[in-house]
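Here is what each chain is made of, one letter per residue.
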Amino acid sequence: MKSFGSKPWMLPQPVLIIGTYDKDGKPNAMNAAWGGTWDMHEIIISLASHATTDNLEATGEFTVAFATRDTLVAADFVGIVSARNDAEKMAKTGWTIEKAPNVNAPVFRELPMTMECKVLRKIDESETGYYLVAEVVNILCDEQFLAEDGNPDVERMQVITYDPVHHGYIQLGQTVGKAFADGKQLK
């Protein structure tokens, strides 16, 4: 096996779109890859200093949506352009923006699934950033992306993952097994 040393190559890495309002109620979004489940009703995201972190300080509430193949260009754009430098950032995405029903944060209608979140705490805060732990208070999913059982259909959403090795985006594929079931074959 070839050795590469220490790199942030955890796979897959979600393409998270974090939605916030600034102190004046103007919506913003940023792209973040370093995040995941923290507990049953909590998530964690690694954040550096951004307009989004300024907004989180002011409001304490945000949304997290999942980028898709169809939203890739705008999702990448909100990751490379700061609201600190471009006042028209959100208009350029073409996204339809609504207020979330349970938190003071925007929902981007083009993104199929959105988590409504409240900041619980920051960990290891420094001048370069911090880890944000948040409570998930609700999950919204566009009805066209629901499976027959009424739950979100991840395959239908065409969610993308960030490839930290080659700096690309990869669409998640098809279901290949059943969790908590297929392993029983080896009992």
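Quantities reported herein were computed from a predicted structural model and do not represent experimental measurements. (Residues numbered from 1 in each chain as written. Predicted model: local features only at pLDDT ≥ 70, side-chain atom pairs only at ≥ 80, totals over all residues. Heavy atoms only, no water.)

## What to know about the environment of Val81
Alright, step 1. As for its placement among the helices and strands, Val81 is situated in the loop between helix H2 (72-80) and helix H3 (89-93).
Alright, step 2. C-alpha separation for the pair Val81 and Ala65, spaced 16 residues apart in sequence, amounts to 18 Å.
Alright, step 3. If we skip the residues at most four places from it in the chain, Val81 touches Asp86 and Lys89. (Helix = DSSP H or I, 4+ residues; strand = E, 2+ residues; numbered from the N terminus. Contact = heavy atoms within 4.5 Å.)

## Looking at the sheet that holds strand S1 (residues 13-14)
Alright, step 1. Across the sheet, which stays open at both edges, the three strands sit in the order S1-S11-S12 with antiparallel pairing between neighbours. Looking at which strands have only one partner, the edges of the open sheet turn out to be S1 and strand S12 (168-171).
Alright, step 2. Here S1 pairs with strand S11 (residues 160-163) via two bridges, running antiparallel. Bridge pairing in S11 links Pro14 to Thr161. (Pairing = 2+ DSSP bridges.)

## Remarks on unusual backbone geometry
Alright, step 1. The amide bond that connects Leu11 to the next residue, Pro12, takes the cis arrangement and shows omega of -15°.
Alright, step 2. Even without being a glycine, Asp124 presents a positive backbone phi close to 55°.
Alright, step 3. The topology assignment puts Asp124 in strand S9 (residues 113-126).
Alright, step 4. Positive phi is not limited to glycine here, since Gln158 has a value of about 60°.
Alright, step 5. Along the chain, the position of Gln158 falls in the loop between helix H4 (154-157) and S11.
Alright, step 6. Since its relative accessible area comes to 21%, Gln158 is described here as partly exposed. (Buried < 20%, exposed > 50% of the residue type's maximum accessible area, 1.4 Å probe, protein only.)

Everything listed is a geometric property; what it means functionally is a separate question.
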